[in-house]
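Remarks on the overall topology
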Amino acid sequence: GGWEAELARLGGMAPHEWEEEAWRDELASTLWAVRSTCLEMRRIIRSISSSSGVAIEPPAQTLLLDATMAQRGVLMAVVPGAGGADALIALILPSAARGLADTRQRVGAVWRGWASDTRPPVCELPVRESKAQAARHNGLQLEGPQAEAMLRRGGPPPPPPRH
């Protein structure tokens, strides 16, 4: 097995199952603690939002974050920064069958089906840790040349290079 196999095993479980595993599995215990801390942090942010009148995690985003966190393999989902209802971050774990692809597919299905008359569409911008120098990639690397080109240039990617 090893650590990565154990992470993938847990990533294929429903999040509430991590709590059930926590008493006999150190990694499950750690994942459950991180997830519980995230949920408590979100609760505090909503309380601050309510008290201040500033919607850091607006109700519409709460629904989307909760739907995202209900998926197998999602460790946590939060609103980054000071709100604005325009972004969220989901930290996902690999699943045993196909690694991150399975978890991304589940989360992507929720996000693609989110748009309605009252809810804006949600699009994914996948990133992963960069193995290159942090100064060059700011610690993250976008997955795929098209996503990177669009973000860097603010528009469609350039045509592929000729060989």
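The structure we're discussing is the one just above.
Residues numbered from 1 in each chain as written. Predicted model: local features only at pLDDT ≥ 70, side-chain atom pairs only at ≥ 80, totals over all residues. Heavy atoms only, no water.

**Brief notes about the pattern of salt bridges**
Inclusion rule: Salt bridge, as applied in this entry: a Lys or Arg side-chain nitrogen positioned within 4 Å of an Asp or Glu carboxyl oxygen. The cut-offs for exposure are 20% and 50% of the maximum accessible area for each residue type, with area from a 1.4 Å probe on protein chains only; residues under the lower value are buried, those over the upper are exposed, and the others partly exposed.
The full count for this structure, using the stated rule, is 9 salt bridges. Between Glu-21 and Arg-24 there is a salt bridge, with its nearest N and O atoms 2.7 Å apart. Residue Arg-24 is classed as exposed on the basis of its relative accessible area, which comes to 53%. For Arg-42, the salt bridge goes to Glu-57, with nearest N and O atoms at 3.0 Å.

**A short note on the nonpolar core**
This is how the line gets drawn: By nonpolar core is meant a set of buried Ala, Val, Leu, Ile, Met, Phe, Trp, Tyr and Cys residues that side-chain atoms within 4.5 Å join together. Under the scheme used here, helices are H or I runs from DSSP no shorter than 4 residues and strands are E runs no shorter than 2 residues, and both carry numbers assigned from the N terminus. The contact rule is simple, with two residues in contact once any of their heavy atoms fall within 4.5 Å.
One finds Leu-10, Trp-18, Leu-31, Leu-75, Leu-93 and Trp-111 to be the most contacted residues of the largest nonpolar core, which totals 23 residues. Going through the elements one at a time, α1 (2-11), α3 (26-52), α4 (59-69), β1 (74-78) and α5 (100-112) are the ones with two or more residues in this core. Broken down by element, this core gets its largest block of residues, 5 residues, from β1. Filtering out sequence-adjacent residues up to four positions away, Leu-75 remains in contact with Trp-18, Leu-31, Val-34, Arg-35, Met-69, Leu-91, Ile-92 and Leu-93.

**A short note on α1**
The cut-off we apply is this: Picture the helix axis, draw a direction to every C-beta atom, and the arc is the one those directions span.
Listed as buried for α1 are Leu-7, Ala-8, Leu-10 and Gly-11. For α1, the angular spread of the buried residues around the axis is 165°, confining them to a single face. Looking at the buried side of α1, the elements it contacts are α2 (15-21), α3 and α5.

**Brief notes about the environment of Leu-125**
In this structure, Leu-125 sits in the loop between α5 and β3 (127-129). By relative accessible area, which is 46% here, Leu-125 ends up partly exposed. Taking C-alpha positions, Leu-125 is 9.7 Å from Ile-89, a pair spaced 36 residues apart along the chain.

**A closer look at the packing of α1 against α3**
Cut-off, in case you're wondering: Lines fitted to C-alpha atoms define the axes here, with helix axes fitted over just the stretch in contact, and angles between the N-to-C directions of these axes take values from 0 to 180 degrees. Comment on the angle field: the value is read as roughly parallel under 35 degrees, roughly antiparallel over 145, roughly perpendicular from 65 to 115, and oblique elsewhere. Each crossing gets its handedness from the near helix: less than a right angle anticlockwise from the far helix is left-handed, clockwise is right-handed.
As a packed pair, α1 and α3 sit with axes 10 Å apart at the nearest point and diverge in direction by 55°. As judged from the angle between their axes, α1 and α3 are oblique. For the crossing formed where α1 meets α3, the hand is right-handed. Contacts from Trp-3, Glu-6, Leu-7 and Leu-10 in α1 reach Leu-27, Ala-28 and Leu-31 in α3.

**Section: the packing of α3 against α4**
The criterion, for reference: Under this grouping Gly is polar, as are all residues other than the nonpolar Ala, Val, Leu, Ile, Met, Phe, Trp, Tyr, Cys and Pro and the charged Asp, Glu, Lys and Arg.
In the contact formed by α3 and α4, the axes pass within 13 Å of each other and the chain directions differ by 175°. Considering their axes alone, α3 and α4 lie roughly antiparallel with respect to each other. Within the contact between the two elements, α3 uses Arg-35, Cys-38, Leu-39, Arg-42 and Arg-46 and α4 uses Thr-62, Leu-65, Asp-66 and Met-69. When the residues that make up the contact of α3 with α4 are grouped by side-chain class, the tally is 4 nonpolar, 1 polar and 4 charged.

**Quick notes on the side chain of Glu-57**
To keep it simple, the criterion reads: Whenever two N or O atoms come within 3.5 Å, that pair is a polar contact, provided that in protein one can donate a hydrogen and the other can accept it, and provided that, for residues adjacent in sequence, both atoms are side-chain atoms.
Relative to the helices and strands, Glu-57 is located in the loop between α3 and α4. At 3.0 Å, the side chain of Glu-57 forms a polar contact with the side chain of Arg-46. Side chain to side chain, Glu-57 and Thr-62 meet in a polar contact 2.6 Å long. Each residue touching Glu-57, except ones within four places of it in the same chain, is listed here: Arg-42, Ile-45, Arg-46, Ser-49, Thr-62, Leu-65 and Val-79.

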